[in-house]
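Spelled out from the first residue to the last, the chains are:
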Amino acid sequence: MTVDHRQIQDFSLGHASSTLRVTRRGLEIALGALWLVDGVLQFQPSMFTRGFFVDTLGMANMGLPGPVATVEYDLTSMLAAHPALWNALFASLQVALGVGLLWRRTARPALALSILWALGVWTVGEGFGGLFMGGTDLLTGAPGAALLYALVALMLWPRTDRTGPSIADGGVLGGVAARWVWLLLWIGTAALELEPAAHVPAAQLSNTGEEEPAVIAAVNHAVGGLVAGWAAGFVVVLGLLQVAVGVGLLAVRTRRPALSAGIALAVTTGLLGQDLGGLLTGHATDPGTGPPLVLFALTLWPRAIMDVGPESRRVPADLHGLDHTV
């Protein structure tokens, strides 16, 4: 059977019509918007107080190994001594990162700086995403929003010598490594469900509503009440879904369903489990793990051939196995 350029083009256009349109630049802008939100949140009045640093970093310090906890304590003391100054610097930096990512000419250096800053926030501000603290799981924000910001930035860092069906394939890590990172992330969060403290999802969901407006708090309590009667089953189902989301990415045929399920889980847990990081409490520092998890999934989303670039014009995988000439 002979397949010419016109047949391939028609197939690509038809395939593209049913495919989610994802671009590297679009995701850079989305990541920039998240950093702008973080910067604006950091300018809230409560962030300029000594209590903010003591409470936030004190919570992050819980469960950390001794030497690391000591470093965290020393940093907390230093920052709490001049909270207004340090907070103004941190907030301004995050706004600058957001603006830098929104402007194409400064996107590359902004990506690099955002990786360093995000990793710093993850280790110091989030205490490694609270992974050393009991009860941390996907519902409560594992593995930490800042770590996800850094991972998304790495996926978006372009390498001109690499191409592939997803944005991550052209990134600095490459597609294979990016998919393994996705797998480890979801397997890791699933493993957190085995902790005894994670077996009280009703309390986790209900407590999220603290300091939220009455309507949101009522929703959280209602969802917590629904889960209360089958906590063990809920944890098992949630853990199995996370494993499926991670493993499903490794096979081409299940890649889109796995990513779609991952996006659905990210949105659901981000809204119901974290209330978008408690945006309406006056103490939120970021919108939680939901938005960056969605961006991470989109960097791995298989694009139509016409979206990959001229260097990747080849016979679609769906036509492999045919006797074709191009």
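Colleague: Let's hear about the overall build of the chain: which residues, and what values?
Modeller: Looking only at helices and strands, one finds 15 helices and zero strands in the chain. Across the 326 residues in the chain, those meeting the buried criterion constitute 46%. Residue pairs in contact within the chain that sit at least 24 positions apart in sequence constitute 74% of those at least 6 positions apart. Accessible area of the chain: about 15400 Å², with a carbon and sulfur share of 70%.

Colleague: Let's hear about unusual backbone geometry: which residues, and what values?
Modeller: For the bond running from Ala142 to Pro143, omega is 5 degrees, close enough to zero to count as cis. Locating Pro143 in the fold gives a position in the loop between helix H6 (107-125) and helix H7 (145-156). For Phe128, which is not glycine, the phi dihedral falls at a positive 60 degrees. Despite not being glycine, Asp275 shows a phi value in the positive range, around 50 degrees.

Colleague: Tell me about the environment of Met78, and name the residues and values.
Modeller: Considering the arrangement of structural elements, one finds Met78 in helix H4 (residues 66-81). Along the sequence, Met78 and Phe53 sit 25 residues apart, while their C-alpha atoms lie 9.7 Å from each other.

Colleague: Lay out a nonpolar patch on the surface in plain terms, naming residues and giving numbers.
Modeller: On the surface, Val176, Trp180, Ile187, Val243, Val247 and Leu250 cluster together to form a nonpolar patch covering roughly 500 Å² of accessible area. Counting residues per element, the ones that place at least two in the nonpolar patch are helix H8 (175-192) and helix H11 (231-248). The biggest single contributor to the nonpolar patch is H8, with three residues. Tracing the backbone shows Trp180 in helix H8.

Colleague: Before we move on, could you go through the packing of aromatic side chains and cite the residues and values that matter?
Modeller: Counting across every chain of the model gives eleven aromatic pairs. Between Trp122 and Phe128 the ring centres are 5.3 Å apart and the planes differ by 80 degrees, which places this aromatic pair in the edge-to-face class. What makes Trp122 buried here is its relative accessible area of 14%. An aromatic cluster is built from Phe52, Phe53, Trp86, Phe90 and Trp117, whose rings are joined through pairwise contacts. The cationic tip of Arg108 hangs over the ring face of Trp157; the distance from NZ or CZ to the ring centre is 4.9 Å.

Colleague: So, H11: which residues are in play, and what are the values?
Modeller: Given 3.6 residues to a turn, an α-helix orients residues that are three or four positions apart in the same direction. Between its first and last C-alpha, H11 extends 25 Å over 18 residues, near the 26 Å set by a 1.5 Å rise per residue. Among the residues of H11, Ala231, Phe234, Val235, Leu238, Gly239, Gln242, Val245, Gly246 and Gly248 are the ones counted as buried. Structurally, H11 contributes buried residues whose contacts are with H8, helix H9 (201-207), helix H10 (214-228) and helix H12 (255-273).

Colleague: Residue-level account of the nonpolar core, with values.
Modeller: Counting 56 residues, the largest nonpolar core has Leu31, Trp35, Trp182, Trp186, Phe296 and Leu300 as the members making the most contacts within it. If you tally residues by element for this core, the top one is H7, at eleven residues. When near neighbours in sequence (up to four residues on either side) are disregarded, Leu300 contacts Ser166, Ala168, Ala178, Arg179, Trp182, Leu249 and Leu259.

Colleague: Any chance you could break down the pattern of salt bridges for me, citing the residues and the numbers?
Modeller: Using the criterion set out here, one finds two salt bridges in the structure. Measuring nitrogen to oxygen at the nearest pair gives 2.8 Å for the salt bridge that ties Glu28 to Arg25. Of this pair, Glu28 and Arg25 both sit in helix H2 (residues 24-42), three residues apart, roughly one helical turn. Since its relative accessible area comes to 8%, Glu28 is described here as buried. In this structure Arg25 comes out as buried when scored by relative accessible area, which is 15%. The salt bridge partner of Asp169 is Arg179, with a shortest N-O separation of 3.6 Å. Taken as a pair, Asp169 in the loop between H7 and H8 and Arg179 in helix H8 lie far apart in primary sequence, ten residues in all. For the pair Asp169 and Arg179, a shared accessibility class is recorded, and that class is buried.

Colleague: Account for the confidence of the model for the chain, with residues named and values stated.
Modeller: When pLDDT is averaged along the chain, the result is 85; 85% of the residues meet or exceed 70. In the model, residues 1-18 has pLDDT below 50 throughout and makes 26 contacts with residues more than four positions away in sequence or in other chains. Confidence drops under a pLDDT of 50 for residues 305-326, and excluding neighbours within four residues, the segment shows 37 contacts in the predicted structure.

Colleague: Can you tell me about the side chain of Asp286, naming the residues and giving the values?
Modeller: For Asp286, the location among the structural elements is in the loop between helix H13 (275-278) and helix H14 (290-299). There is a polar contact of 3.4 Å between the side chain of Asp286 and the side chain of Thr285. Here Gly288 takes part through its backbone nitrogen, which lies 2.8 Å from a polar atom of the side chain of Asp286. Discounting chain neighbours no more than four positions away, the residues touching Asp286 are Asp38, Leu41, Glu126, Ala145, Tyr149, Leu276, Gly277 and Leu279.

Parameters and conventions
Residues numbered from 1 in each chain as written. Predicted model: local features only at pLDDT ≥ 70, side-chain atom pairs only at ≥ 80, totals over all residues. Heavy atoms only, no water. Helix = DSSP H or I, 4+ residues; strand = E, 2+ residues; numbered from the N terminus. Buried < 20%, exposed > 50% of the residue type's maximum accessible area, 1.4 Å probe, protein only. Contact = heavy atoms within 4.5 Å. Areas by Shrake-Rupley, 256 points an atom, 1.4 Å probe, with all protein chains shown as cover. Patch = residues over 30% accessible without salt bridge, like charges linked within 9 Å, V, L, I, M, F, W, Y side chains within 5 Å. Salt bridge = Lys/Arg side-chain N within 4 Å of Asp/Glu carboxyl O. Phe/Tyr/Trp six-rings, centres within 6.5 Å; stacked < 30°, edge-to-face > 60°. Lys NZ or Arg CZ within 6 Å of the ring centre and 35° of its normal. Expected span 1.5 Å × (residues − 1). Core = buried A, V, L, I, M, F, W, Y, C linked by side-chain atoms within 4.5 Å. pLDDT = per-residue confidence, 0-100. Polar contact = N/O pair within 3.5 Å; in protein donor to acceptor, adjacent residues only side chain to side chain.

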